[in-house]
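Results of the structural survey
Single-letter residue listing:
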Amino acid sequence: MKKILITGGAGYIGSHTAVELINSGFEPIIIDDFSNSQEKVLDRLEEITGKAITCYQGDCADRSLLDQVAKDHQLSGVIHFAAFKAVGESTELPLKYYRNNLVSLIEIMEFMRDHQIQDLVFSSSCTVYGQPDVLPVTEATPRKDAESPYGNTKKVCEDMLVDFVKSKPGIRVISLRYFNPVGAHPSGKIGELPQGKPNNLVPFVTQTAAGIREKLTVFGDDYDTPDGSCVRDFIHVMDLADAHVKALAYLDEKENNFYDVFNVGTGKGDTVLQVIKTFEEVTDVKLNYEIGPRRPGDVVKIWADTQKINEVLGWYPKYSLADSMRDSWNWQKGL
Ligand SMILES: NC(=O)c1ccc[n+]([C@@H]2O[C@H](COP(=O)([O-])OP(=O)(O)OC[C@H]3O[C@@H](n4cnc5c(N)ncnc54)[C@H](O)[C@@H]3O)[C@@H](O)[C@H]2O)c1
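Definitions and limits used
- Residues numbered from 1 in each chain as written.
- Predicted model: local features only at pLDDT ≥ 70, side-chain atom pairs only at ≥ 80, totals over all residues.
- UniProt positions renumbered as here; feature names shortened; annotations may be inferred.
- Helix = DSSP H or I, 4+ residues; strand = E, 2+ residues; numbered from the N terminus.
- Rg over C-alpha atoms; globule rule 2.2 N^0.38 Å.
- Buried ≥ 20, exposed ≤ 12 C-beta atoms within 10 Å, placed from the backbone.
- Contact = placed C-beta atoms within 7 Å.
- Near = placed C-beta within 6 Å.
- Expected span 1.5 Å × (residues − 1).
- Core = buried A, V, L, I, M, F, W, Y, C linked by C-beta atoms within 7 Å.
- Axes fitted to C-alpha atoms, helices over the stretch in contact; angles between N-to-C directions.
- Parallel < 35°, antiparallel > 145°, perpendicular 65-115°, else oblique.
- Left-handed = near helix turned anticlockwise from the far one by under 90°.
- Nonpolar A, V, L, I, M, F, W, Y, C, P; charged D, E, K, R; others polar.
- Pairing = 2+ DSSP bridges.

Per an unreviewed UniProt entry, the protein chain carries the name UDP-glucose 4-epimerase and comes from Algoriphagus formosus. Listed in UniProt under the heading Pathway (unreviewed entry), the comment for the protein chain reads: "Carbohydrate metabolism; galactose metabolism." Quoted verbatim from the Subunit (unreviewed entry) field of the UniProt record, the comment on the protein chain reads "Homodimer."

Further remarks concern the overall build of the protein chain. Broken down by element type, the protein chain carries 11 helices and 13 strands. The C-alpha atoms of the protein chain give 19 Å as radius of gyration, which agrees with the globular expectation for 335 residues (20 Å, within 12%). By its C-alpha atoms, the protein chain is 55 × 45 × 40 Å across when sized along the principal axes. The buried share of the protein chain, reckoned over its 335 residues, is 49%. Excluding contacts between residues fewer than 6 apart, the proportion of contacts in the protein chain whose partners are at least 24 apart in sequence is 81%.

If you check the shell around the ligand, you find 28 residues, and the closest are Gly8, Gly11, Ser37, Ala83 and Ser123. Of all the secondary structure elements, the ones that give two or more residues to the shell around the ligand are helix H1 (12-23), strand S2 (27-32), helix H5 (94-115) and strand S5 (119-125). Among the elements that take part in the shell around the ligand, H1 stands out by supplying 3 residues, more than any other.

Another point: H1. For H1, built from 12 residues, the straight-helix expectation of 16 Å at 1.5 Å per residue is met to within 8% by its first-to-last C-alpha distance of 17 Å. A large share of H1 lies buried, amounting to 10 of its 12 residues. Glycine 25 sits one or two positions beyond H1 and adopts a positive phi of about 90°.

For the bond from leucine 135 to proline 136, the omega torsion is -5°, close enough to zero to count as cis. Checked against the element boundaries, proline 136 lands in the loop between S5 and helix H6 (149-167). Here aspartate 284, not a glycine, exhibits a phi torsion of approximately 65°, which is positive. Residue position: aspartate 284 is located in the loop between helix H9 (272-283) and strand S13 (289-292).

In this section: the nonpolar core. Among the nonpolar cores identified, the biggest contains 92 residues, and Ile4, Val78, Ala247 and Val264 are the most heavily contacted of them. Broken down by element, this core gets its largest block of residues, 10 residues, from helix H8 (residues 237-253). Every residue in contact with valine 78, bar those within four places of it in the chain, is listed here: Ile4, Leu5, Ile108, Met112, Ile117 and Leu120.

We now examine the packing of helix H7 (residues 201-209) against helix H11 (residues 321-334). Their axes nearest at 10 Å, the elements H7 and H11 cross at an angle of 55°. Comparing the axis directions of H7 and H11 gives the class oblique. As for the relative orientation of H7 and H11, their crossing is right-handed in sense. In this structure, H7 contributes Val202, Thr206, Gln207 and Ala209 to the contact, and H11 contributes Ser328, Trp329 and Gln332. Tallied by class, the residues present in the contact of H7 with H11 amount to 3 nonpolar, 4 polar and no charged.

This part covers the UniProt feature "domain: NAD(P)-binding" (unreviewed entry) in the protein chain. Under the feature "domain: NAD(P)-binding" (unreviewed entry), the UniProt entry names residues 5-326. Secondary structure across residues 5-326 divides into 40% helix and 18% strand, with the first and last C-alpha atoms of the span separated by 31 Å.

Now for the sheet that holds strand S4 (residues 75-80). Sheet architecture is open: 7 strands sit in the order S3-S2-S1-S4-S5-S6-S11, paired in parallel fashion. The outermost strands of the open sheet, each flanked by one partner alone, are strand S3 (54-57) and strand S11 (258-264). Neighbour to neighbour, the strand axes of the sheet diverge by 20° on average, direction disregarded. Here strand S1 (residues 3-7) pairs with S4 via 5 bridges, running parallel. When the bridges of S4 are listed, leucine 5 appears paired with valine 78. Contacting S1, S2, S3 and S4, helix H3 (residues 63-72) crosses the sheet at an angle of about 160° to S2.

All right, on to the packing of H3 against H5 then. At a minimum axis separation of 10 Å, H3 and H5 run at an interaxial angle of 40°. Considered as vectors, H3 and H5 are oriented oblique to each other. The chirality of how H3 crosses H5 is right-handed. Residue-level inspection shows Arg63, Leu66 and Ala70 of H3 in contact with H5, the latter providing Glu107, Phe111 and His115. Its residues assigned to classes, the contact of H3 with H5 comprises 3 nonpolar, 1 polar and 2 charged.

Listed below in structure tokens is the structure:
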């Protein structure tokens, strides 16, 4: 059974990917410092998969910890999720973001180089496209200046990976540019677990529905979109998890140095108000929301062209927005 190191494997996307890896015959080996997740996620992973989960608690930029993992396990590849991701906080504390997101990737690349580990899947983001001029965005759409230090860390990480791949024979890397991950495992046992006030729309929706938040604010309804609210490409986290498994399989077929990027989205844009409406329809819960002013820096509309990932990796999303809302609500109710 191939062992894959997953940094940040107790987090939202990492935990769902751990499930998909196990379902596909891999053994995930997790490193997580629990800076934005909880240890109980590991018990939940064991409940879902029926498998014991190996996790090292600590910083994935700690080289001695990484070396210990390599001593204990023969690793076939790495999926690097660990990063800070709060866009707003990154403008207040940019160095915290540059340190964690860049240094951890540098350590991971040096670790791979020194231990002859060839394959890496990296968590990038559609934030690298900024405010796009043409929609949908393809992987060839030019990257724009980042709107935040967080977004810039993803751009710089992608650039570092390109140089890394050129520098050592056999290194194979895929950057997956995630659009907007939503939903939860259909069991309701794992899901997105924001610490404090959520930064993303759907946890705000579910927390408002649960009465934890009094009101949801929609930032602007006068944009040039079908109903005036912003448009995003909402991708179910289980579909996103599956894309990592497909990316690893694809890397395994490559014989030489390899680097590529893939959009991971549904290929369809939905507005914020459509998300609210879908949530209300699926759950039969009425949401208390108001229309607020536009939020500076918000991308007005973005969705993915997914032709490349469909054709090259053979990956297609299986879940709908309604599935995502049902699973997110199920998870929130469990909390
Ligand atoms: N969720 C999104 O909307 C989104 C969108 C695009 C890209 N991404 C990227 O996907 C990745 C995973 O995102 P997520 O939503 O699962 O976030 P998350 O915060 O839920 O998961 C990240 C995990 O990494 C851990 N971590 C952070 N720094 C660490 C370090 N130095 N060492 C060890 N563990 C560390 C955290 O404790 C957490 O468990 C991130 O790189 C993020 O930037 C997320």
